[in-house]
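Survey of secondary and tertiary structure
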Amino acid sequence: MAAPSSRSRQVPFLVGVVLILAALPVGWFVFLREPPATPPVVAPAPAPAPVMAAAEPVAEQKVDLELSTFEGTVDVWRGEGGKWLPAKKGMALIPSDVVRTGDGSYAVLVNGETFEVRMEAGTMVSVGELTSSLSKFLLDNGSATATVRGGKRHTFELKAGGRDKDEVVASTDNGTFTMNNDKGTVRVGAREGQVKLSGKDKDRFVIVRAGQESIVRQGDNPTAPTPLPKSLLLNVGWPKNQLRERKLLVTGQTDPGNRVEVNGVVALPDEAGRFTTTVVLKEGSNDVKVSARRVGGLVETSQGTVQVDTTLPPIGVDPKLLWEETTGGAPP
């Protein structure tokens, strides 16, 4: 009776072994098998960068220039083969125009709020380049004061001494200066800001600061800047006696590069500062005024009163008195 009991106990054991053996493949598949490799994620190719077109150079804009105000005799020459025309207030000016002022006259050229040029009596200025970043003028002769408010965005050039390679060039982007050009002697003085000044050799320049001046003689380089003087030289030779004709030859001496006017008429000093001019007088008493102006605005005057009497008898010679003076006795 023992045998059946033993076999009954073996049956569950065998069933358990069979279940374990059947579970082994499932466990390997679930827990031990390596998962398949994850395919790499391929990022999409970047879009090609847009091709930037080359930046075009900014074209220089032309600027407006007008004859703002003037007094006296002012003329404008326009274009080649033109002629002198009377100036008009508010007249638009273009490159190649020439403006001149007569004796006792002045004119002011204005470019908006960027710069202005005041021309004194007996001055001729040619208009050159006019753009938003650069303006060029030529002072053929006379005296001009430039006030530039460009704020380093605009360069103003004023040339003198001719149109060749030896010309004098003064430039600034913010300041006020005066240039005198008479008979080849150029004097430049700064009142505000500073001015770059060159002469014969363009790579040799000086910086003229506010309160300073420099002089450039024909075919030379600028002198070292010096302080603007508090006085200037002006000597005039006045006649001591009454005149018997209605003309007076006025002669004098001043500093080279100064501007001289005699009764409102410009008299150009030479390289040594000597000047000569003729003044037409009237019968009787005549007041004659001579003034000299320096680039810093300093003015010196000399005034004289000249008497003219053309009715006086001619100077004659008494033969009797001449005989007595030379022989010591009366004529026979």
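Model, not experiment: these values are computed from the prediction.

Looking at the overall build of the chain
- Looking only at helices and strands, the chain has two helices and 23 strands in total.
- Expressed as a percentage of contacts within the chain between residues at least 6 apart in sequence, the contacts between residues at least 24 apart total 48%.
- Here the chain has roughly 20400 Å² of accessible surface; of this, 57% comes from carbon and sulfur atoms.

As for the sheet that holds strand β17 (residues 234-236)
- Spatial ordering of the open sheet is given by β17-β18-β21, a layout of three strands whose pairing is antiparallel. Among the strands making up the open sheet, the edge pair consists of β17 and β21 (274-280). Across the sheet, the mean angle from the axis of one strand to that of its neighbour is 25°, orientation sign disregarded.
- Taken together, the three bridges between β17 and strand β18 (residues 247-254) define a ladder with antiparallel strand orientation.

Here's the deal with the environment of S198
- Mapped onto the secondary structure, S198 falls in strand β13 (residues 185-198).
- Its relative accessible area of 8% is what places S198 among the buried residues.
- Placed 22 residues apart in sequence, S198 and D220 show a C-alpha to C-alpha distance of 9.4 Å.
- Beyond its immediate chain neighbours, meaning those up to four positions away, S198 contacts E167, V168, V169, R204, F205 and P222.

Here's the deal with the packing of aromatic side chains
- On inspection of all chains with the given rule, the structure shows five aromatic pairs.
- When the centroid spacing of 5.1 Å and the interplanar angle of 55° are considered together, the rings of F115 and F156 count as tilted. Taken as a pair, F115 in strand β7 (residues 115-119) and F156 in strand β10 (residues 155-160) lie far apart in primary sequence, 41 residues in all.
- In this structure F115 comes out as buried when scored by relative accessible area, which is 0%.
- Positioned above the aromatic ring of Y106 is the side chain of R118, whose terminal nitrogen or guanidinium carbon lies 4.2 Å from the ring centre.

Remarks on the pattern of salt bridges
- By the definition in use, this model includes twelve salt bridges.
- The partner of E116 in a salt bridge is R149, and the shortest N-O contact between them spans 4.0 Å. One end of the pair, E116, is in strand β7; the other, R149, is in the loop between β9 (134-148) and β10, and 33 residues separate them in sequence.
- By relative accessible area, E116 is classed as partly exposed at 28%.
- Between D270 and R274 there is a salt bridge whose closest N-O contact spans 3.4 Å.
- Taking the relative accessible area as the measure of exposure, D270 reaches 22% and is therefore partly exposed.
- Salt bridges linked by common partners bring R187, E213, D255 and R294 together as one network.

Description of the nonpolar core
- Ranked by internal contacts, the top residues of the largest apolar core, which has 38 residues, are L67, L109, F137 and F156.
- Contact partners of L67, with chain neighbours within four places excluded, come to V74, V76, A87, K88, K89, G90, M91, L93, A107, V108 and L109.

What counts as what
- Residues numbered from 1 in each chain as written.
- Predicted model: local features only at pLDDT ≥ 70, side-chain atom pairs only at ≥ 80, totals over all residues.
- Heavy atoms only, no water.
- Helix = DSSP H or I, 4+ residues; strand = E, 2+ residues; numbered from the N terminus.
- Contact = heavy atoms within 4.5 Å.
- Areas by Shrake-Rupley, 256 points an atom, 1.4 Å probe, with all protein chains shown as cover.
- Pairing = 2+ DSSP bridges.
- Axes fitted to C-alpha atoms, helices over the stretch in contact; angles between N-to-C directions.
- Buried < 20%, exposed > 50% of the residue type's maximum accessible area, 1.4 Å probe, protein only.
- Phe/Tyr/Trp six-rings, centres within 6.5 Å; stacked < 30°, edge-to-face > 60°.
- Lys NZ or Arg CZ within 6 Å of the ring centre and 35° of its normal.
- Salt bridge = Lys/Arg side-chain N within 4 Å of Asp/Glu carboxyl O.
- Core = buried A, V, L, I, M, F, W, Y, C linked by side-chain atoms within 4.5 Å.

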